[in-house]
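Descriptive structure summary
Listed below are the residues making up each chain.
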Amino acid sequence: MANEGSVKRAIGLMSGTSMDGIDLALLDTDGDAVVLRGASSFTPFDPKFRKRLEVGLEAAKAIEERDQRPGDLVAIETELTDLHARAVQAFLTREGLPAGDIDVIGFHGQTVLHRPRQALTVQLGDGAVLAAETGIDVVYDLRARDMELGGQGAPLVPAYHRALAAGLSGDWAGKMPVAFVNIGGISNITYIGADGTLLAFDSGPGNALIDQWVTRHAGIPYDSGGAIASEGRVLSGLANRYLSSPFFTARERISLDRNDFLPPEDHEAGLEDGARTLAFVTAAAIEKAQAHLPEKPKLWILTGGGRHNRMIVEDLTVATRHSGEVIIAEEAGLNGDSMEAEAWAWLAVRSLAGLPITYPGTTGVTEPATGGVLACSKGTQTQAVKPEN
Ligand SMILES: Nc1ncnc2c1ncn2[C@@H]1O[C@H](COP(=O)(O)OP(=O)(O)OP(=O)(O)O)[C@@H](O)[C@H]1O
Ligand SMILES: CC(=O)N[C@H]1[C@@H]2OC[C@@H](O2)[C@@H](O)[C@@H]1O[C@H](C)C(=O)O
């Protein structure tokens, strides 16, 4: 290991359900406290590769065993791994850091299938190849063991949210319970009670529906700032169709696949009304999540790309105005773009130490569980991380 003692220097790599690119973050941590949040980067996928990933998602529907790669998925996985290796190399060059300074990379990969009921989750990405190409040890496949132990395999960032909450300062420190809401392709919520209670689950659609809608109707990848939505009005019939999904009232909290909610049919709305309604649905779904929490949060910290959509932020602010305050991560001194990548760095360090990464309250796993697979940079052997939870 490059760094002595319990504090490790880790790089986290996240390519989320929006499939927009690779977030990278540097983190110094002992796997408990966040010692130092470092520099970060974003490497967008070019539109051609994004298109290939979308085709890959369709092919992935045929997967029954997690190592199957139907259609073009073998080639896509190779290209994806290579793009991650290049993102790491470009970051190290930019920051003037030798690879030997980094103890470990936490590698998420690209989720192409997630079926918790079948205990099946597939993230494309070859950890061994990434380790060989970067010369840095890689911890990857962090979701699978949780599923084997009865968990949903997601969300995994909540334990990191709790570590961040412990470090909040000033006025924000006393505002408990606090909820982190990550508005990515799908939205997920983490609740941290004043007594440290940790609960988390996917709360519903995030930007994926909005992205698909504006791509189809305006040829742009996302509704920047919520500008299109701000020109439209909420179509209550359409909104209610989404919000009456049994997903919101089911006692069991399940993690979502990107395709669990689909964009409206073309005839159901015009461009602006569709974007406005979907932004409303995203916020309303987050508000509905409160029904599954022991107390209403006093503070909501928004992360993920959806915090830039002002209609989502406004709608959530209105919906929670009697009980809580809504802020974006940056107002609390955090980085809403790199938080998930930071989390993957933190989780990798925990994995190396055999510490739990998921809990009954976060994924429904039977007991606190570690996870991940270690691929060593020196040598070809890939060994499973041996947990001691
Ligand atoms: N300026 C902006 N205005 C509005 N929306 C934005 C803006 N920037 C990014 N987004 C939205 O955020 C999305 C990317 O968010 P993010 O990177 O948090 O998602 P992700 O990590 O891929 O998803 P997940 O957390 O579900 O895995 C984009 O697809 C877009 O919809
Ligand atoms: C299977 C999968 O990749 N799930 C993602 C997805 O995107 C958001 C939400 O659904 C969350 O459950 C999860 O990612 C975050 C990073 C997590 O595991 O915490």
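Residues numbered from 1 in each chain as written. Chains lettered and ligands numbered in written order. Predicted model: local features only at pLDDT ≥ 70, side-chain atom pairs only at ≥ 80, totals over all residues. Heavy atoms only, no water.

**Some words on the site of ligand 1**
The local shell around ligand 1 holds 21 residues, among which Thr17, Gly185, Asp211, Gly225 and Glu340 are the closest. At a separation of 3.0 Å, an oxygen atom of ligand 1 approaches a polar side-chain atom of Asn182. Asp211 places a polar side-chain atom, nitrogen or oxygen, 2.6 Å from an oxygen atom of ligand 1. Against a free-state accessible area of 640 Å², the protein chains account for coverage of 86% of ligand 1. By residue class, the composition of the shell around ligand 1 is 3 nonpolar, 14 polar and 4 charged. Residues lining the shell around ligand 1 come from more than one domain, with at least three contributed by each of domain 1 (8–153 + 365–384) and domain 2 (158–332). (Near = heavy atom within 4 Å. Polar contact = N/O pair within 3.5 Å; in protein donor to acceptor, adjacent residues only side chain to side chain. Areas by Shrake-Rupley, 256 points an atom, 1.4 Å probe, with all protein chains shown as cover. Nonpolar A, V, L, I, M, F, W, Y, C, P; charged D, E, K, R; others polar. Domains from an automatic or database assignment.)

**Here we look at the nonpolar core**
One finds Val181, Ile189, Tyr242, Phe261, Trp300 and Leu302 to be the most contacted residues of the largest nonpolar core, which totals 41 residues. At 8 residues, helix α8 (residues 271–288) tops the list of elements feeding residues into this core. Aside from chain neighbours lying at most four places away, what touches Phe261 is Pro205, Leu209, Tyr242, Ser245, Phe247, Phe248 and Leu256. (Core = buried A, V, L, I, M, F, W, Y, C linked by side-chain atoms within 4.5 Å. Buried < 20%, exposed > 50% of the residue type's maximum accessible area, 1.4 Å probe, protein only. Helix = DSSP H or I, 4+ residues; strand = E, 2+ residues; numbered from the N terminus. Contact = heavy atoms within 4.5 Å.)

**Description of the UniProt feature "binding site: ATP" (unreviewed entry) in the protein**
UniProt records the feature "binding site: ATP" (unreviewed entry) for Gly16, Thr17, Ser18, Met19, Asp20, Gly21, Ile22 and Asp23 in the present numbering. Note that Thr17 resides in the loop between β1 (8–14) and β2 (21–29). With relative accessibility at 25%, the residue Thr17 sits in the partly exposed group. With residues near it in sequence (within four places) discarded, Thr17 still touches Gln110, Gly185, Ile186 and Arg258. By the element assignment, Gly21 lies in strand β2. (UniProt positions renumbered as here; feature names shortened; annotations may be inferred.)

**Things to note about the packing of helix α5 (residues 158–166) against helix α10 (residues 339–352)**
For the pair α5 and α10, the least separation of the axes is 9 Å and the interaxial angle reads 100 degrees. If you check the angle between α5 and α10, you find them roughly perpendicular. Facing Ala159, Tyr160, His161, Ala163 and Leu164 of α5, the residues of α10 in contact are Met339, Glu342, Ala343 and Trp346. Its residues assigned to classes, the contact of α5 with α10 comprises 7 nonpolar, 1 polar and 1 charged. (Axes fitted to C-alpha atoms, helices over the stretch in contact; angles between N-to-C directions. Parallel < 35°, antiparallel > 145°, perpendicular 65-115°, else oblique.)

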